[in-house]
Amino acid sequence: MKESTKPGRQQLASLFAEFVDPKYVIEDLETQRVYECDGLPMYCEMPLLVVLPESVEQIQKIMLICHEYQIPVVARGAGTGLSAGALPKADGILLSLAKFTKILEIDPVARTARLQPGVRNLAISEAAAPYGLYYAPDPSSQIACTIGGNIAENSGGVHCLKYGLTVHNVLQVEMVTVEGELIQIGNEGLDASGYDLLALITGSEGLLGVITEVIVKLLPTPDKAQVIMAAFETVQQAGDAVAAVISRGIIPAGLEMMDSHAIKAAEDFAHAGYPTQAKALLLCEVDGTLAEVQEHIEKVDFIFKEMGATSTRISRDEAERALLWKGRKSAFPAVGRISPDYYCMDGTIPRRKIAYVLEEMERMSQHYSLRVANVFHAGDGNLHPLILFDTSIPGEFEKAEEFGARILQLCVEVGGCITGEHGVGVEKIRQMAIQFNDEEIQQFHGIKAAFDPDGTLNPGKGIPLLKRCQEYRTLQPEGLPVPQDPETQHEIKQ
């Protein structure tokens, strides 16, 4: 359809209102305001229209109309994403799946749950609990984030070290294509013939289709779970302790690290009994049978002390275990108590580089005169630096953004990648050109074109335009300290 024949806002709203309740076709700007950004509010845009369908058939009709008129579509769940992945397009539709909140089936025999995409992550485990089951991936935002969004970003969480990311826990998705066709990818078995398209869809950030139904794996609730907390005088000791636990053959359910800024903020908020004088803190959870947990907790306690822990504390009961995790899971909002604004980054590095990368971030922090608080999944090297800044000071966000870009470059330099679970969205699109060469970027565009030839699904996200890649690669921050790690220097030269 030619550009000139595209319907205007009111005409398009009238088309949708023929099959969607008109009160869920939102035109007025004030009501649309809550959809202008996701959990990264520094990037904002108002959509042409917001539509909240109630059935799969309505989604199909919306997609068919938008395909006919070449209108961009951005699907949105709870809006908790942190990479501007659900940022609307000014000339496009914001397709909210907020009304798709039904848990369709819990199968305790097959240990699966069939869900609509708007079901909250935590609600899955709550529904499965009476059967002695739970859903393992548990992002910090699990009280609000949805399973559809988790699939879009391939979310992880505290327990992803032992039980995997979303991609390891999803069996099947039902998806509406850009042309309005309903397709099924994967199945309820442990494996499927042909290409692994399910893994391709997981983490695709809404670029390939609109998810309408999901089947996930459920796991038996462990007999026991216990947390050990350890305080360290240096991040080097804590980083070495993480590597030591894994190298001794112990795979904890979760292994998290917090630095001094995050420790103090979380303790002031949650009063979990964190050692506020420590420079680094580790939280290690072990789960399994009673005997297994006792054996591993004793081993981890010994390892932590051997690696220089100044103190350790083992949870005595479920209430204390929950309290220790409350501090960690509330660390992000708690940081808001010590800074007017913060920029939450996401990158992944090899475990052996944790101490080095944290030390480099501290040097960058001094260079930019911006504090950085670190709270992250140390067991799998998934960093979440929180850059603290104040938007009321002109230029501070731009400085924070450059600081974040340099952190992502550092992750790539040490053999890691630019995201672990937040996705690329708009935020990291420049760093895609740093991690991948032109041939690889072209392959990504080829996959995108196979599903969405006209590029109307969540456009401008995830994959940079080839013609911009070289420009992005030349945008190197000036005046930064030179990394001191000889191994990293060699890798850069190569």
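Preceding this section is the structure that the text describes.
Residues numbered from 1 in each chain as written. Predicted model: local features only at pLDDT ≥ 70, side-chain atom pairs only at ≥ 80, totals over all residues. Heavy atoms only, no water.

Novice: Before we go on, may I ask you to explain helix α11 (residues 318-329) in this structure?
Specialist: Think of an α-helix as turning once every 3.6 residues; residues three or four places apart then point the same way. The end-to-end C-alpha distance of α11, which contains twelve residues, comes to 16 Å, matching closely the 16 Å that a straight helix rising 1.5 Å per residue would cover. E320, R321, L324, W325, G327 and R328 are the residues of α11 that are buried. Angularly, the buried residues of α11 cover 150° about the axis, an arc narrow enough to put them on a single face. Structurally, the start of α11 carries an N-cap: the backbone nitrogen of A319 is 3.3 Å from a side-chain oxygen of D317. (Helix = DSSP H or I, 4+ residues; strand = E, 2+ residues; numbered from the N terminus. Expected span 1.5 Å × (residues − 1). Buried < 20%, exposed > 50% of the residue type's maximum accessible area, 1.4 Å probe, protein only. Arc of directions from axis to C-beta. Polar contact = N/O pair within 3.5 Å; in protein donor to acceptor, adjacent residues only side chain to side chain.)

Novice: Would you mind going over the packing of aromatic side chains with me for this structure?
Specialist: Counted according to the given criterion, the structure contains eight aromatic pairs. Ring centres 5.1 Å apart and planes at 20° place the aromatic pair Y368 and F403 in the stacked group. Pair noted here: Y368 is in helix α13 (residues 354-368) and F403 is in helix α14 (residues 396-413), with a separation of 35 residues, a long-range link. On the accessibility criterion, Y368 (4% relative accessible area) is buried. A relative accessible area of 0% means that F403 is categorised as buried. Ring centres 5.1 Å apart and planes at 90° place the aromatic pair F436 and F444 in the edge-to-face group. (Phe/Tyr/Trp six-rings, centres within 6.5 Å; stacked < 30°, edge-to-face > 60°.)

Novice: Where do I start with the sheet that holds strand β20 (residues 385-389) in this structure?
Specialist: Where strands meet in a sheet, backbone hydrogen bonds hold them as pairs that are either parallel or antiparallel. In spatial order, the strands read β15-β12-β14-β13-β18-β20-β16; together these seven strands make up an open sheet with antiparallel pairing. On the outer flanks of this sheet lie β15 (311-314) and β16 (341-344), each paired with one strand and no other. Averaged over all pairs of adjacent strands, the angle between strand axes in this sheet comes to 20°, irrespective of strand direction. For β16 and β20, the ladder comprises four bridges, and the chain directions are antiparallel. In the sheet register, Y342 faces β20, and the bridge partner there is L388. (Pairing = 2+ DSSP bridges. Axes fitted to C-alpha atoms, helices over the stretch in contact; angles between N-to-C directions.)

Novice: Would you explain the pattern of salt bridges in this entry?
Specialist: Taken as a whole and assessed by the stated rule, the structure comprises 21 salt bridges. R248 is the salt-bridge partner of E306, the closest N and O atoms lying 2.7 Å from each other. Separated by 58 residues along the polypeptide, E306 in helix α10 (residues 290-306) and R248 in the loop between α8 (235-247) and β13 (254-259) bring together distant segments of the chain. Given the relative accessible area of 43%, R248 is considered partly exposed. The closest approach of N and O atoms between R406 and E413, which form a salt bridge, is 3.3 Å. The class of E413 is partly exposed, set by a relative accessible area of 21%. Through salt bridges with shared partners, a single network forms among E105, R114 and E213. (Salt bridge = Lys/Arg side-chain N within 4 Å of Asp/Glu carboxyl O.)

Novice: For this particular structure, what's the right way to read the pairing of strand β12 (residues 224-232)?
Specialist: Successive side chains on a regular strand alternate, one facing one side of the sheet and the next facing the other. Within β12, seven of the nine residues are buried, which leaves the element mostly enclosed by the surrounding structure. Pairing geometry for β12 and strand β14 (residues 280-288), over nine bridges, is antiparallel. Bridge pairing in β14 links A230 to L282. Where β12 lies against β15, four bridges are found, and the strand directions are antiparallel. Residue pairing across strands places I228 opposite I314, the latter belonging to β15.

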